[in-house]
Amino acid sequence: MRLETFRGTSLSRVLVDVRRSLGDDAMVVRTLNLRENGRPVVEVVAARAEEVEAFRLQLDGGRAAAAKAKRKERIGPYTVALVGPAGGGKSSALIKLALHPRGVGRKKVGLLTLDTHRVAGLEEMQTFAEITNLPLEVVYHSREIPAAIQRLRGCEVILVDCPGRAPQEDPSEWELALQALDPDEVHLVLSAEMRDSVALRAKSVFAPCGVTHALFTKLDHLERDAGLAELAQAVGLPTRWVADGHEIPGDLKESGPRILSALGLGAVGDGEIRRVG
Ligand SMILES: Nc1nc2c(ncn2[C@@H]2O[C@H](COP(=O)(O)OP(=O)(O)OP(=O)(O)O)[C@@H](O)[C@H]2O)c(=O)[nH]1
Ligand SMILES: [Mg+2]
């Protein structure tokens, strides 16, 4: 989505330019009153309505037709896997998702971890499962998947934690296990501090995992969410959730209003967009 900046001596004149350039239903992202050489100037940042709508649809693609079609052919718990580079916040996001009503906290949740390489990672998940009394399956080999799923069959949703390792040409056991699980959704978990180019690289590296969504974390490290909307646009994946801190489970947010408001489109939570005129 392209944001264009218009300047003029009065708001009404600038809006005429905006309409002429971007169409009658152009959307105003922000207006600023400035001074240039001592004179008052109005600056308007705006975008084409259809481009804003396309971005909104991109973020909302969690209801993608492909996922629905796949779902029709399956029975059993809905499966959501979290993949991504080491330290991106997969396990923390999984814990928040499992508990928060904005995540899947209202459902009957089961946990499954493929991150068996690091003792600390495994212990973290086991401790979490114990405290919350949620069932946890620890899977070392792909052949263990059917039995693990069978034991979790009473759950509505299974959240799957993965190691922070890039997929290999010769798939390792956790990748084979992920393939055997064939999750309904695979969220690529990325720190929002990443440069767009690094995030795009991660997207292509983790593509073999069947990534369907992005989940951005560490928004609390950004200054007023600066760069978040640009990153989400660059990555170009449906994005349902973002994480913005250490608090469990509170620091999990719905992505749409948060990302659009990072652009100045509507206040957080209301999803409203101002039209010109
Ligand atoms: N400030 C902040 N820190 C976060 C957030 N999410 C995760 N972290 C921290 O980032 C670090 C890594 O988080 P993890 O959840 O272990 O990341 P991971 O992707 O599971 O890491 P690996 O399993 O090693 O690949 C931890 O210190 C978390 O507390 C967030 O939204 N904000
Ligand atoms: Mg982890």
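Residues numbered from 1 in each chain as written. Chains lettered and ligands numbered in written order. Predicted model: local features only at pLDDT ≥ 70, side-chain atom pairs only at ≥ 80, totals over all residues.

Draft legend 1. Just the overall build of the chain, in detail. Counting its regular elements, the chain contains 10 helices and 11 strands. Across its three principal axes, the chain shows a C-alpha extent of roughly 70 × 40 × 35 Å. By the burial criterion, 39% of the 277 residues in the chain qualify as buried. Considering only contacts within the chain whose residues lie at least 6 apart along the sequence, 71% involve residues at least 24 apart. (Helix = DSSP H or I, 4+ residues; strand = E, 2+ residues; numbered from the N terminus. Buried ≥ 20, exposed ≤ 12 C-beta atoms within 10 Å, placed from the backbone. Contact = placed C-beta atoms within 7 Å.)

Draft legend 2. Up close: the nonpolar core. By size, the foremost hydrophobic cluster in this structure holds 73 residues, and its most contacted members are Ala46, Val83, Leu159, Val160 and Phe216. Formed jointly, this core draws a minimum of three residues from each of two domains, domain 1 (4–47) and domain 2 (58–262). (Core = buried A, V, L, I, M, F, W, Y, C linked by C-beta atoms within 7 Å. Domains from an automatic or database assignment.)

Draft legend 3. Spatial organisation of the sheet that holds strand 2 (residues 27–36). The strand order across the open sheet formed by 3 strands is 1-3-2, and the pairing between neighbours is antiparallel. Each edge of the open sheet is held by one strand with a lone partner, namely strand 1 (4–8) and strand 2. Along the sheet, successive strands turn relative to each other by an average axial angle of 20°, direction set aside. Direction of pairing for strand 2 relative to strand 3 (residues 39–47): antiparallel, over a ladder of 9 bridges. Paired with leucine 34 across the strands is valine 41, a residue of strand 3. Its contacts with the sheet place helix 1 (residues 11–22) against strand 1, strand 2 and strand 3, and it is angled at close to 145° to strand 1. (Pairing = 2+ DSSP bridges. Axes fitted to C-alpha atoms, helices over the stretch in contact; angles between N-to-C directions.)

Draft legend 4. A look at the site of ligand 1. Around ligand 1, a shell composed of 20 residues is seen, among which Gly89, Lys90, Ser91, Ser92 and Gly164 lie nearest. In terms of residues, the shell around ligand 1 owes the most to one element, helix 4 (residues 90–99), which gives 3 residues. (Near = placed C-beta within 6 Å.)

Draft legend 5. A look at the sheet that holds strand 6 (residues 136–138). Taken in spatial order, the 8 strands line up as 6-5-7-4-8-9-10-11 in an open sheet, and their pairing is mixed. The open sheet has two edge strands with one neighbour each: strand 6 and strand 11 (252–254). Neighbouring strand axes in the sheet, compared pairwise and without regard to direction, differ in orientation by 25° on average. Here strand 8 (residues 185–191) runs beside strand 9 (residues 213–217); their pairing, made up of 5 bridges, is parallel. Looking at strand 9, one finds that histidine 187 is bridged to histidine 213.

Draft legend 6. Quick peek at the environment of proline 163. Here proline 163 is to be found in the loop between strand 7 (157–161) and helix 7 (173–181). Residue proline 163 is classed as partly exposed on the basis of its C-beta count, with 18 C-beta atoms lying within 10 Å. For the pair proline 163 and serine 91, spaced 72 residues apart in sequence, the C-alpha to C-alpha distance is 9.2 Å. If we skip the residues at most four places from it in the chain, proline 163 touches Leu114, Asp115, His117 and Trp174.

Draft legend 7. Up close: helix 7. The complete set of buried residues in helix 7 reads Trp174, Glu175, Ala177, Leu178 and Leu181. Taken down its axis, helix 7 places every buried residue within 160° of arc, on the same side. Buried residues along helix 7 sit in contact with strand 4 (78–83), helix 6 (145–151) and strand 7. Of the residues flanking the end of helix 7, it is aspartate 182, one or two places downstream, whose phi is positive at about 45°. (Arc of directions from axis to C-beta.)

Draft legend 8. Summary view of the pairing of strand 5 (residues 109–113). The buried fraction of strand 5 amounts to 5 of the 5 residues, a majority that puts the element mostly inside the structure. Here strand 5 shows no split at all, with Val109, Leu111 and Thr113 on one side and Gly110 and Leu112 on the other all buried. As judged from the 5 bridges shared by strand 5 and strand 7, these two strands associate in the parallel manner. The residue of strand 7 that forms the bridge with leucine 111 is leucine 159. Here strand 5 pairs with strand 6 via 3 bridges, running parallel. Opposite leucine 111, over in strand 6, you have leucine 136 as the bridge partner. Tracing the backbone out of strand 5, into helix 5 (residues 119–132) and back to the parallel element strand 6 gives a crossover that is right-handed. (Right-handed = clockwise from strand over helix to strand, strands pointing away.)

Draft legend 9. Focus on the confidence of the model for the chain. The predicted model of the chain averages 90 in pLDDT, with 91% of residues at 70 or higher. Overall, residues 267–277 carries pLDDT values under 50, and its contacts beyond four positions in sequence, including any with other chains, amount to 24 contacts. (pLDDT = per-residue confidence, 0-100.)

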